[in-house]
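One-letter residues, chain by chain:
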Amino acid sequence: MNEDIQTEDIEAAEEAMETEAEAAVDSETEGGESETEPAGNEADETAEDETSEPKEEKKKGFFHKDKKDKKDEKIAELNDRLIRQMAEFDNFRKRTEKEKQQMYSVGAADVIEKLLPVVDNFERGLAAMTEEEKNTSFAQGIELVYKQLMTALEGMGVTVIEAVGVEFNPDFHNAVMQAPSEEYESGIITQELQRGYLYKDKVVRHSMVMVAE
């Protein structure tokens, strides 16, 4: 009977040991799972870091694009300003050339107007000479000087206003006399008393004429 009791005690002790062993295994298993959980968290954090990196790159790309847009706007503004300044300079150059040409024309017309009395005196002197006097070297010299002066004036753009046989035009002619004429109709210039001249398209001096009634 004592042997039976000892046998039962041994079996009970073995069952208790097996129970403790299973409990220890279960606790180790639970501890292992708890220890592996941080690894999962680290993976999640790594994934989040990897996800956040493109956001930073995207953010940097946005600022870089904004900076590039501002640079393009500045270039466009400077280019527009340059075009405007070039246009203003071109207008200034054209206006200056026009004013310079006008000043030159006014000055040239004033000089020509002062030379016309000299031309008139040459013509009067040559017209007053007889045929015998015209054959002298003195008369020929005066005529050469007169022709040289007229050539210089023509080279400057001076032309003679047509008068005799042309219809009277107050823009070019100054009528000082009016007389009946058998040769010309009424309103036609019959005689030129003083020559008129044009400098290019501008009247320097009107022709002094007589008109048929």
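Residues numbered from 1 in each chain as written. Predicted model: local features only at pLDDT ≥ 70, side-chain atom pairs only at ≥ 80, totals over all residues. Heavy atoms only, no water.

Structural notes on the overall build of the protein chain
In terms of helices and strands, the protein chain carries 3 helices and 6 strands. Within the protein chain, buried positions represent 15% of all 213 residues. In the protein chain, 61% of the contacts between residues at least 6 apart in sequence involve partners at least 24 apart. With the model as given, the accessible surface of the protein chain reaches about 17,100 Å², and the carbon-plus-sulfur share is 53%. (Helix = DSSP H or I, 4+ residues; strand = E, 2+ residues; numbered from the N terminus. Buried < 20%, exposed > 50% of the residue type's maximum accessible area, 1.4 Å probe, protein only. Contact = heavy atoms within 4.5 Å. Areas by Shrake-Rupley, 256 points an atom, 1.4 Å probe, with all protein chains shown as cover.)

Regarding helix 3 (residues 137–156)
For helix 3, with 20 residues, the first-to-last C-alpha span of 29 Å sits near the 28 Å given by 1.5 Å per residue. Three or more residues of helix 3 are buried, namely Ala139, Tyr146, Leu149, Met150 and Leu153. All buried residues of helix 3 fall inside an arc of 95 degrees around its axis, so they share one side. Of the exposed residues in helix 3, the ones pointing more than 90 degrees away from its buried face are Ser137, Leu144, Gln148, Thr151 and Gly155. Once helix 3 ends, the next one or two residues include Gly157, with phi positive near 105 degrees. (Expected span 1.5 Å × (residues − 1). Arc of directions from axis to C-beta.)

Concerning the sheet that holds strand 1 (residues 158–160)
In space, the 3 strands of this open sheet follow the order 1-4-5, with antiparallel pairing throughout. Of all the strands in the sheet, just strand 1 and strand 5 (202–205) have a single pairing partner and so form its edges. Between one strand axis and the next, the sheet turns by 35 degrees as a mean value, whatever way the strands run. Examined bridge by bridge, strand 4 (residues 197–199) and strand 5 share 3 bridges and lie antiparallel to one another. The residue of strand 5 that forms the bridge with Leu198 is Val203. (Pairing = 2+ DSSP bridges. Axes fitted to C-alpha atoms, helices over the stretch in contact; angles between N-to-C directions.)

Quick word on unusual backbone geometry
Note: most peptide bonds trans; most residues except glycine with negative phi. Despite not being glycine, Lys200 has its phi angle at roughly 60 degrees, a positive value. Judged by relative accessible area, Lys200 falls into the partly exposed class, the value being 42%.

Focus: the nonpolar core
One recurring pattern in soluble globular proteins: nonpolar side chains tend to sit buried together. Judged by nonpolar contacts, the single largest core of 17 residues is most densely connected at Ile112, Val119, Leu153 and Tyr199. Of all elements in the fold, only helix 1 (2–128), helix 3 and strand 4 reach the threshold of two or more residues within this core. Setting aside residues up to four positions removed in sequence, Val119 forms contacts with Tyr146, Leu149, Met150, Leu153 and Tyr197. (Core = buried A, V, L, I, M, F, W, Y, C linked by side-chain atoms within 4.5 Å.)

What to know about the pattern of salt bridges
This structure, assessed with the given rule, holds 10 salt bridges. Residue Arg93 pairs with Asp90 through a salt bridge whose shortest N-O separation is 2.6 Å. Placement of both Arg93 and Asp90 in helix 1 is noted, with a separation of 3 residues, approximately one turn of the helix. Among the salt bridges present, the one from Arg205 reaches Asp120, with a minimum N-O distance of 2.7 Å. Pair noted here: Arg205 is in strand 5 and Asp120 is in helix 1, with a separation of 85 residues, a long-range link. In this structure, a network of salt bridges that share partners links the residues Asp90, Arg93, Lys94 and Glu97. (Salt bridge = Lys/Arg side-chain N within 4 Å of Asp/Glu carboxyl O.)

Structural notes on a nonpolar patch on the surface
A cluster of nonpolar side chains, Val111, Leu115 and Val118, forms an exposed patch at the surface whose accessible area comes to about 200 Å². For Val111, the location among the structural elements is in helix 1. A relative accessible area of 44% places Val111 in the partly exposed class. (Patch = residues over 30% accessible without salt bridge, like charges linked within 9 Å, V, L, I, M, F, W, Y side chains within 5 Å.)

Focus on the pairing of strand 6 (residues 207–212)
Across a regular strand the side chains alternate sides, sitting on one face of the sheet and then on the other. Across the 6 residues of strand 6, 5 count as buried, placing the element largely inside the fold. Two strands pair when backbone bridges link them, and strand 2 (residues 173–179) and strand 6 are joined in this way by 6 bridges, in the parallel orientation. When the bridges of strand 6 are listed, Asn174 appears paired with Met208. In this structure, strand 3 (residues 189–194) lies alongside strand 6, joined through 4 bridges in antiparallel fashion. Bridging from a neighbouring strand, Glu192 pairs with Val209 of strand 6.

Some details on the packing of aromatic side chains
If you walk through the whole model with that rule in mind, you get 1 aromatic pair. Here the aromatic rings of Phe122 and Tyr146 are separated by 6.2 Å at their centres, their planes lie at 40 degrees, and the arrangement is tilted. Of this pair, Phe122 sits in helix 1 while Tyr146 sits in helix 3, and the two are 24 residues apart along the sequence. Side by side, Phe122 and Tyr146 carry an identical accessibility label, which is buried. (Phe/Tyr/Trp six-rings, centres within 6.5 Å; stacked < 30°, edge-to-face > 60°.)

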